[in-house]
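# Tertiary structure, described
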Amino acid sequence: MSQPLVPPGETPPVEGSIAEAHQERPDGGIWEHPLWWLGLIVIGAIIVAAYFAARIIGY
């Protein structure tokens, strides 16, 4: 054995790897917040329901 053993939980050395860790995009994208979209849909549904309720009542 020419290489020492790697302790559990550690990454062994790799030869020839020139890749870098990818950059994570910052948090806060609109698609990462589904409650915002859900709220928008619920508000729209309430407005449409209020419109039809007002037509039925006679306003």
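Along each chain, the written sequence defines residue order, and numbers are assigned to residues from 1. In view of the model being predicted, local features appear only for residues whose pLDDT reaches at least 70, and side-chain atom pairs are presented and counted only at 80 or more, with totals across whole chains, interfaces and linings using the full set of residues. Values reported for side chains reflect all heavy atoms of the structure, with hydrogen atoms and water molecules removed beforehand.

An unreviewed UniProt entry lists the chain under the name DUF6480 family protein, with Streptomyces kaempferi as the source organism.

### Digging into the packing of aromatic side chains
This is how it is decided: Any two rings among Phe, Tyr and Trp, with Trp reduced to its six-membered ring, count as a pair given centres within 6.5 Å; such a pair is stacked if its planes are under 30 degrees apart, edge-to-face if over 60, and tilted if neither. Throughout this description, buried means an accessible area under 20% of the type-specific maximum (1.4 Å probe, protein chains only), exposed means over 50%, and partly exposed covers the range between.
Under the criterion given, the structure shown has two aromatic pairs. Their ring planes at 90° and their centres at 4.9 Å tell us that Trp 36 and Trp 37 sit as a pair that is edge-to-face. Exposure remark for Trp 36: the relative accessible area of 47% places this residue in the partly exposed category. Among the residues examined, Trp 37 registers a relative accessible area of 31% and is labelled partly exposed. Judged by centre distance (5.2 Å) and plane angle (75°), the rings of Tyr 51 and Phe 52 are edge-to-face.

### Considering helix α1 (residues 34-57)
What counts here: Numbering of helices and strands runs from the N terminus; a helix is a DSSP stretch of H or I covering at least four residues, while a strand is a stretch of E covering at least two. The span expected for a helix works out to 1.5 Å for each residue beyond the first.
In this model α1 runs 34 Å from its N-terminal to its C-terminal C-alpha over 24 residues, within 8% of the 34 Å that 1.5 Å per residue would give. In the stretch just after α1, Gly 58 is the one whose phi turns positive, near 115°.

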